[in-house]
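Coordinate inspection notes
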Amino acid sequence: MKSFLEPFRIKTVESIRVTSREEREEILKKAFYNTFLIPAENVLIDLLTDSGTSAMSAKQWAALMDGDESYAGARSYYKFEKVVKDIFGFKYILPVHQGRAAERILFTMVLSKIDSSGRYINDGQGKYIPSNNHFDTTRANIEFNGAEAIDLVIEEGKKPDVVHPFKGNMDIEKLKRFIKEKGCENIPICMLTITNNTGGGQPVSMENIREVSKICKENRIPFFLDACRFAENAYFIKTREKGYENKSIIEICNEMFSYADGCTMSAKKDAFANIGGFIAMNDDDWYIKCRNLLIITEGYITYGGLAGRDMDAIAQGLIEILDENYLKYRIESTKYIGEMLLENDIPIIRPVGGHAIYIDAKTFLPHIPANQFPAHSLTCELYLTGGIRAVEIGSVMFGKYDENGNMIPADMELVRLAIPRRVYTKSHFDYLVDILKEIKKYKDKIKGYKIIEEPKFLRHFTAKFSPI
Ligand code: F0G
């Protein structure tokens, strides 16, 4: 059955400004061929990210009105804390303005020493932080603190067309070898990203979470989850892993987090919030250190850079994300797009992940070499032909240079179509598929791009390009 039920009714709408191809050519040129630099009102279907772009429910909007804006001890905080504890189970919860703030606090803490006068001195050199795959801000926060971010995803997770139910899993043998080689004293923390965004929105199995946790415990390495898309991961466990068919989503979540010492969370994903996040943990000493870092840049411990009402929206969103009917729709609707693309021989990462479709641009545009950025070309083409905004996850985002200035390409050249939660309908998805079918007709004529200006760090956000 191809149809799926959108388990919500639309109550408020936002108009889309429809543009012509000619207009879009002008707009893209003005944006130096970087879709990040296009004003959002010039986009028809915005699949740049699923982060902070969710449609809030009527109950979330109502909850906003109940926000308590007290500096300390707001009612909103206690409501938020209770819901987070019920699902995640950790002893301490600190709100932050978004996921990367949680990452900054966590890595500043684990990659520093505190001197006799209470100052944090960076101690990141020679330290390693393994994960299945680190998301780019996670990696940047680790590197900014002088340590190395290590990706140890299973081999299947690096191959777009290899089907595996849990392609986000960490390679257990690689992890054991890595710990032996580098020494547990140089690994202050180990992480797992659920679902694995960088690797294609792929889930991690409960068995893998349990195993990684066991190895970390044996080596006295604290273990954290990057929990942004935890509920989508839980749904995959329920539908793909033996023994979980009859468990509720909250039971699965409770078990996942029971294996970890803490987590970082961007509430902009699986909490249906437009802003917010948190860092959670069990360790008393780490809590005190994180609390200090939170107060310096985010705010007091019961609001952490958020308005009270934001915490109300997150609390309500977290209750809603546990709804199995919603998760079924979410996973099935993403899969629907993926299957339509596969039927039309448009290569994508298989199986389809939770929050996004990843087109394999290396296979789709084999005539464009990595140093001319095939995934970037396809991203531009999606905008020109359909007004659709996607994001390149390839050599623009992850390419590096060797000592001679030659580019070391990324493993994969992907275009991510991230699906905002509860925002677009099946007609929008059909339009997206039709645009890709159109592009396929003339794909051999699509040209590559060169970078004409780039910053040293996180270049994909602001680099300027010109067509070749
Ligand atoms: N971890 C993962 C796995 C993420 O996907 C993101 C954000 C973050 C951490 C950082 O959270 O944005 O709230 O600071 N991902 C967004 C994306 C930006 O488009 O995939 P944040």
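Residues numbered from 1 in each chain as written. Predicted model: local features only at pLDDT ≥ 70, side-chain atom pairs only at ≥ 80, totals over all residues. Heavy atoms only, no water.

1. What to know about the nonpolar core
Ranked by size, the top nonpolar core spans 98 residues in total, and within it Phe88, Phe230, Met256, Phe257, Leu318 and Leu382 carry the most contacts. At 8 residues, helix 12 (residues 324-343) tops the list of elements feeding residues into this core. Counting 26 residues, the second-largest nonpolar core is a separate cluster that includes Val110, Ile142, Ile189 and Cys290. (Core = buried A, V, L, I, M, F, W, Y, C linked by side-chain atoms within 4.5 Å. Buried < 20%, exposed > 50% of the residue type's maximum accessible area, 1.4 Å probe, protein only. Helix = DSSP H or I, 4+ residues; strand = E, 2+ residues; numbered from the N terminus.)

2. Describing the domain arrangement of the protein
Put simply, an interface is often sized by how much accessible area is lost when its parts join up. Its domain assignment divides the protein into domain 1 (21-50 + 323-467) and domain 2 (59-320). When each unit is reduced to the centre of its C-alpha atoms, the spacing between domain 1 and domain 2 is 27 Å. In this assembly, 29 residues from domain 1 lie in contact with 33 residues from domain 2. Roughly 2700 Å² of surface becomes buried between domain 1 and domain 2 when both sides are summed, with 59% attributable to carbon and sulfur atoms. Put simply, domain 1 and domain 2 have 6 salt bridges between them. Linking domain 1 with domain 2 are 18 residue pairs in polar contact (both at pLDDT 80 or more). When residues of the side of domain 1 that touches domain 2 are traced back to their parent elements, those giving at least two are helix 12, strand 11 (356-360) and helix 15 (395-398). Looking at the side of domain 1 that touches domain 2, the element that brings in the most residues is helix 12, giving 6 residues. Here the residues of the side of domain 1 that touches domain 2 sort into 14 nonpolar, 4 polar and 11 charged. (Domains from an automatic or database assignment. Contact = heavy atoms within 4.5 Å. Buried area = accessible area lost by both parts, 1.4 Å probe. Salt bridge = Lys/Arg side-chain N within 4 Å of Asp/Glu carboxyl O. Polar contact = N/O pair within 3.5 Å; in protein donor to acceptor, adjacent residues only side chain to side chain. Nonpolar A, V, L, I, M, F, W, Y, C, P; charged D, E, K, R; others polar.)

3. Some remarks on the pattern of salt bridges
Applying the stated criterion to the full structure yields 35 salt bridges. Ionic pairing is found between Arg139 and Asp151, a salt bridge with its closest N-O pair at 2.7 Å. Placement of Arg139 in helix 5 (residues 136-144) and of Asp151 in strand 6 (residues 148-151) is noted, with a sequence separation of 12 residues between them. We classify Asp151 as partly exposed; its relative accessible area is 30%. As a salt-bridge pair, Glu453 and Lys464 come within 3.7 Å of each other at their nearest N and O atoms. Here Glu453 is found in strand 17 (residues 449-453), whereas its partner Lys464 is found in strand 18 (residues 464-467), with 11 residues between them in sequence. The class for Glu453 is partly exposed, based on a relative accessible area of 48%. Shared partners join several salt bridges into a network, and the residues in it are Asp50, Arg229, Glu232, Asp270, Arg330 and Arg421.

4. Considering the site of the ligand
If you check the shell around the ligand, you find 17 residues, and the closest are Thr49, Arg100, Asp226, Ser266 and Lys269. Ser266 places a side-chain nitrogen or oxygen 2.7 Å from an oxygen atom of the ligand. Isolated, the ligand exposes 470 Å² of accessible area, and the fraction of that covered by the protein chains is 94%. The element best represented in the shell around the ligand is helix 4 (residues 99-110), accounting for 3 residues. Here the shell around the ligand is composed, by residue class, of 2 nonpolar, 8 polar and 7 charged. (Near = heavy atom within 4 Å. Areas by Shrake-Rupley, 256 points an atom, 1.4 Å probe, with all protein chains shown as cover.)

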